[in-house]
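Descriptive structure summary
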Amino acid sequence: MQEKLTKKAERFIREQKLIEAGERVLVGLSGGADSVCLAAVLHELSDTLSIRLGAFHVNHGIRGKEADADEAFSQKFCETLGIDFYAVHEDVPLYAKEHRIGLEEAGRELRYRAAESLAAGKGYDKIALAHQQNDVAETFLFHLFRGSSVSGLSSIPARRGNIIRPLLFCDREEIEAYLKEKGLSFCVDATNKETEYTRNKIRHHVLSYAGNYVNEGAVRHTAEAAAELGALNEYLFAEAEEICAQAQELSGEVRIPVSALEKKHRVLQDKAVHMLLTKAAGSARDFTRAHVEAVRELCFSQSGKQVSLPYGLTAGRNFEELFIQRVQSGEDAAEEREYLVRVPGEYCIGDAGEKIIFRCFPYKKNAEIPKNEYTKWFDYGKIKGTLRLRTRKEGDRIGMKQGSKSVKALLIEKKIAREERKKRLLLADDEQVLWVPGVRSCDNYRIDEATKTVLEVRMNGGSENEGRGKGTDSGSRNNETGS
C-alpha cells in the first residue's frame, strides 16, 4: 500500500507539475493523519524529486494543552525525519472577534498568512498542503448548499500560485491505510468530531450517509465532478478573457461594445460581466449573481438604463456600449479603489504600469534599513489584520513619534493637487495607515530590537531612477519623511 500511494503521489506531482527539481517545499503539518501522510510521502520522494523539505505548524490558541501536545508531536515527527520545523502561535478567537468572522474562516486566514510569511522569510519555493478528496467533496457540497457559481464548485485546485496540494488524488481511507502500514501515528483533533461546524456536519451526516446508503464511491465521484467543473471553469475563464479583451478602460471607466456580449451564450456573458465588474472594482467580493444578471440584462435594454452596484459603481447602456463607472458625489469625492495584499505579491497601481512589490524575510539585528524613498521596511509583527492598497478615506491619519496627523493634511502640505489626492493609493492594515508613498510612512511600524520579520515594500522596483514622472510619486519622493 505504501509504495502504491507513494508512486501515485509521484505521478500526480509530475503530471500536475507541482514541484520542480531543486525546489524547497514547506509542508503544512497539523499533526493529523492527512498532514503526517503528506510529510512522510514527500520525505520518501525527496531524493527522487530532488527537493528539500521544511514543515510549519500553527497553534491556534483554542484547545489549550491538546493543541500544545499536537505541536510537540509535530516537532518530534520532524526531528525523526530530519525536517526543519517552524511553530507559529496565533490567537484565532481574538482574530475572529476583531474581524467579525467565524473561527473556521479566521483559522484558515491565519494559517495561509503564516505559511506565506514563513515561505518568503525562509526561502521556500512551494507551500504543500494536505487537502485530499474528502476535503474536495466537503467543500463542493458546502459551496453548493450555500449558493455558488461554477468557479466555487470547482472546489480545491491542485495548484494556486506557490500553494500545492499533492494528495488530491486520494481519499482519507487510502491515507489511513498508508499510515497503518508504515506504522506512523498521528493526532486526532477532538473538534473534528463535533457537529457545531458546518463542514463537520457535511462530513459526518451528509457524506457519511451518501457513502453508506447511496454509493460507496460518493466521495470520489463528488471530487471527480469538482475536478471536471474546475477544467470547465478554466475553459470559460479563457473564453471570457477574450471577450473582455474588447473592453477599454478610460479614466476609471470600463466600456465594452454590447455586440461583444449579446450573441454569446448566457454562461459566457455572466462570466465576462463578472470579470468586468472585478476589473472596475478591484475586487470580486460582494458581487452576487443578482448583480451580474442585472448588468448582463443591460445588453438587451434600451439606451440610458442604469443599475447601482457595490463599491459605489454604476453600470449602464449608452447606445451600443455597456459601461461600468464609479459614481462621484461632490467635488472632493474619491475614486475609491482597494486591493487586498498577499505577501509575497506584486501589484500594478497606475496607468503607466507602476508596481508595488511585497516580500517578507527574517530581520537580522543591526541590518541597515534602506534610505531609498522607493523601498520601505516595516515590522511585519506589528501589522493588524489584512494589508490593503487603497485610496484615502475620510478620517485617515498616520502615526508619528508624537501623536498622529491627518493624511489629507499631509497631502495638502506636499502641494498635491486635489485630483491627484482622489486617486493616490496608500498602504494600510485594519487599524491605520502604514505608508503614503512619496509623503510619509508611519512611525508605529518601525523596525526595532523586538522585530523578527521584515515586510519590505518596493515601489517601481526600488530604483532611484525608476518611476520618475509616472504620476504616483513624481516630484515629491525626494522630500519624503519618515522611514
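Now for a quick tour of the structure. (Residues numbered from 1 in each chain as written. Predicted model: local features only at pLDDT ≥ 70, side-chain atom pairs only at ≥ 80, totals over all residues. Heavy atoms only, no water.)

Focus on the overall build of the chain
The secondary structure content of the chain amounts to 15 helices and 22 strands. Burial status across the chain gives 47% buried among its 483 residues. Of the contacts made within the chain by residues no fewer than 6 positions apart, 69% connect residues no fewer than 24 positions apart. Working note: accessible area of the chain is about 24700 Å², and carbon and sulfur atoms make up 47% of it. (Helix = DSSP H or I, 4+ residues; strand = E, 2+ residues; numbered from the N terminus. Buried < 20%, exposed > 50% of the residue type's maximum accessible area, 1.4 Å probe, protein only. Contact = heavy atoms within 4.5 Å. Areas by Shrake-Rupley, 256 points an atom, 1.4 Å probe, with all protein chains shown as cover.)

Considerations on the packing of aromatic side chains
A full pass over the atoms with the stated rule returns six aromatic pairs. For the pair F73 and F77, a centre-to-centre distance of 6.3 Å together with 15° between the ring planes defines the contact as stacked. With a gap of four residues between them, F73 and F77 both fall in helix α3 (residues 65-81), about one helical turn apart. Taking the relative accessible area as the measure of exposure, F77 reaches 10% and is therefore buried. Cation over ring: R24 sits above Y124, and NZ or CZ is 4.2 Å from the ring centre. Over the face of the ring belonging to F142 we find R199, whose NZ or CZ atom lies 4.6 Å from the ring centre. (Phe/Tyr/Trp six-rings, centres within 6.5 Å; stacked < 30°, edge-to-face > 60°. Lys NZ or Arg CZ within 6 Å of the ring centre and 35° of its normal.)

Quick notes on the sheet that holds strand β1 (residues 24-28)
With mixed pairing, six strands are arranged side by side in an open sheet as β3-β2-β1-β4-β6-β5. Since the sheet does not close on itself, it has two edges, and those belong to β3 (84-89) and β5 (159-160), each with one partner. In terms of strand pairing, β5 meets strand β6 (residues 163-164) through two bridges, oriented antiparallel. Following the sheet pairing, R160 is matched in β6 by I163. Sheet strands touched by helix α2 (residues 33-49): β1, β2 (52-59) and β4 (126-128). Its angle to β1, the strand with the most contacts, is close to 160°. Helix α5 (residues 103-122) contacts β1, β2, β3, β4 and β6 of the sheet and is inclined by roughly 145° relative to β2. (Pairing = 2+ DSSP bridges. Axes fitted to C-alpha atoms, helices over the stretch in contact; angles between N-to-C directions.)

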